[in-house]
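Descriptive structure summary
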Amino acid sequence: YLSDDEFFEWDKLYKKSGWMGDENEYENDIRGSIFGQMSSILGSAESKLIKLAEILPTSPSERAYTLIFSGHGIDENEDKDIKKIARILIKKNWTPGQITSEIKRQDRKGLIDSFKRGAIDTLLAIKILDEGIDIPQIKNAYIIASSANRRQFIQRRGRVLRLLDGENKIANIYDFVVIPPKASGNGGMKIRENEKKRIEEMSRSALNKPDVIEFIKKYL
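Just so it is clear, the structure is predicted and the values come from calculations on it, not from any experiment. Within every chain, residues take consecutive numbers counted from 1 along the sequence as written. Under the rules for a predicted model, residues below a pLDDT of 70 receive no local features and side-chain atom pairs below 80 are neither given nor counted, while totals for whole chains, interfaces and linings still include all residues. With hydrogens and water excluded, all non-hydrogen atoms of the structure serve as input to the side-chain values.

A word on the packing of helix α1 (residues 4-17) against helix α9 (residues 185-202). Working convention: axes come from line fits to C-alpha atoms, limited for helices to the stretch in contact. Angles between N-to-C directions cover 0 to 180 degrees. Each helix is a run of DSSP H or I of at least 4 residues and each strand a run of E of at least 2, with the numbering of both proceeding from the N terminus. Put simply, α1 and α9 touch, their axes get as near as 10 Å, and they point 95 degrees apart. Classified by the angle between their axes, α1 and α9 sit roughly perpendicular to one another. Touching Phe-7, Trp-10, Asp-11 and Tyr-14 of α1 are Asn-186, Gly-187, Gly-188, Lys-190 and Ile-191, all from α9. Its residues placed into classes, the contact of α1 with α9 shows four nonpolar, three polar and two charged. When an angle is under 35 degrees it counts as roughly parallel; over 145 it counts as roughly antiparallel; between 65 and 115 it counts as roughly perpendicular; any other value is oblique. Only heavy atoms enter the contact rule, under which two residues are in contact if any of them lie within 4.5 Å. Any residue outside Ala, Val, Leu, Ile, Met, Phe, Trp, Tyr, Cys, Pro, Asp, Glu, Lys and Arg is labelled polar, Gly included; the first ten of those are nonpolar and the last four are charged.

Take a look at the structure:
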């Protein structure tokens, strides 16, 4: 759930943007742009971290080979959200590795190799893993901050669905959906419309698609 304060800040930007529903315009969620700021607010909602802490498994076998996509945070510290998530994981005895734009390529490769070997159970990333890296071992993905960019969230889904040794596998994708406050007007409706599109796309081939369809009905 978005808090009233979070929605108020998002809605101010929404009204300022004059956004009338042009998907391509909103997909330009470059950090620093008005749409980037709107995305950051949704991606960094405090209740997402509370929910993450609630649903994280405790069994070592269940948490192995997990990927978590974080948001940028809503200030200039790009690692702020990743650090918050890392603290949650460490408190629950997970062993996360953090990949950001500041991590050198050689160090990044070392982290990925450690992940593939099972030396660390989780990789935390913002957008670094959206393209160009193939890790078929990934079994679980927690998408805390979902992009409005369709190409990007399809890439993220595909990142988890890579075949392992040429065989199909079951992958678990937890996509965190933003719920605006009640009586949130046109802004709240716009959030729901965009979240619905992503949920439908993400769940298109999911084994639990009937459950997702039922969720969408309740969500709207």
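As a further point, take the sheet that holds strand β2 (residues 96-99). Pairing between strands is defined by DSSP: at least two bridges between them are needed. Pairing is parallel in the open sheet, where five strands are placed in the order β2-β3-β1-β4-β5. In this open sheet, the two strands that pair with only one neighbour each are β2 and β5 (172-175). Recorded for the sheet is a direction-independent mean angle of 15 degrees between the axes of neighbouring strands. Here β2 pairs with strand β3 (residues 122-125) via four bridges, running parallel. Bridging across to β3, Gln-98 finds its partner in Leu-124. Where helix α6 (residues 80-91) meets the sheet, its contacts fall on β1 (66-69), β2 and β3, and the angle it forms with β2 comes to roughly 170 degrees.

Attention now moves to the pattern of salt bridges. The rule for a salt bridge is simple: a side-chain nitrogen of Lys or Arg has to be within 4 Å of a carboxyl oxygen of Asp or Glu. Considering all chains together, one arrives at 11 salt bridges under this definition. Linking Glu-54 and Lys-51 is a salt bridge whose minimum nitrogen-to-oxygen distance equals 2.9 Å. Here Lys-51 and Glu-54 lie together in helix α4 (residues 46-55), a separation of three residues that amounts to about one turn. Note that Arg-63 and Asp-121 form a salt bridge whose closest N and O atoms lie 3.6 Å from each other. Taken together, the positions of Arg-63 in helix α5 (residues 60-63) and Asp-121 in the loop between α7 (105-117) and β3 put the pair 58 residues apart, joining distant regions of the chain. Of the two residues examined, Arg-63 and Asp-121, each falls in the buried class. Only protein chains enter the calculation, and the probe is 1.4 Å; a residue is then buried if its accessible area is under 20% of its type maximum, exposed if over 50%, and partly exposed in between.

Burial within helix α3 (residues 34-43) is extensive, with eight of its 10 residues counted as buried. Taken together, the buried positions of α3 are occupied by Phe-35, Gly-36, Met-38, Ser-39, Ser-40, Ile-41, Leu-42 and Gly-43.

The topology assignment puts Lys-92 in the loop between α6 and β2. The class for Lys-92 is partly exposed, based on a relative accessible area of 33%. Here the alpha-carbon distance between Lys-92 and Leu-56, two residues 36 residues apart in the chain, equals 8.6 Å. Look past the residues within four positions of Lys-92 in its chain and what remains in contact with it is Ala-53, Leu-56 and Arg-63.

Burial of the side chains of β1 extends over both faces: Thr-66 and Ile-68 are buried on one face and Leu-67 and Phe-69 on the other. Note that β1 and β3 share four bridges and pair parallel. Bridged to Phe-69 within β3 is Ala-125. As paired strands, β1 and strand β4 (residues 140-143) are joined by four bridges and run parallel to one another. Across the sheet, Thr-66 pairs through a bridge with Asn-140, a residue of β4.

So, on to the packing of aromatic side chains. For Phe, Tyr and Trp, rings pair up if their centres lie within 6.5 Å, where Trp contributes its six-membered ring, and each pair is then called stacked (planes under 30 degrees apart), edge-to-face (over 60) or tilted (otherwise). On inspection of all chains with the given rule, the structure shows five aromatic pairs. Note on Trp-10 and Tyr-14: the rings are 5.1 Å apart at their centroids and 15 degrees apart in plane angle, and the pair reads as stacked. Placement of the pair is Trp-10 and Tyr-14 together in helix α1, with a separation of four residues, close to one helical turn. The exposure class of Trp-10 is buried, given its relative accessible area of 1%. Classification of Tyr-14 as buried rests on a relative accessible area of 12%. By way of ring pairs, the aromatic residues Phe-7, Trp-10 and Tyr-14 are connected into one cluster. Over the ring of Tyr-219 we find Arg-192; its NZ or CZ atom is 5.1 Å from the centre of that ring. The criterion is that NZ of a Lys, or CZ of an Arg, lies within 6 Å of the ring centre and within 35 degrees of the ring normal, and then a charge sits over that ring.

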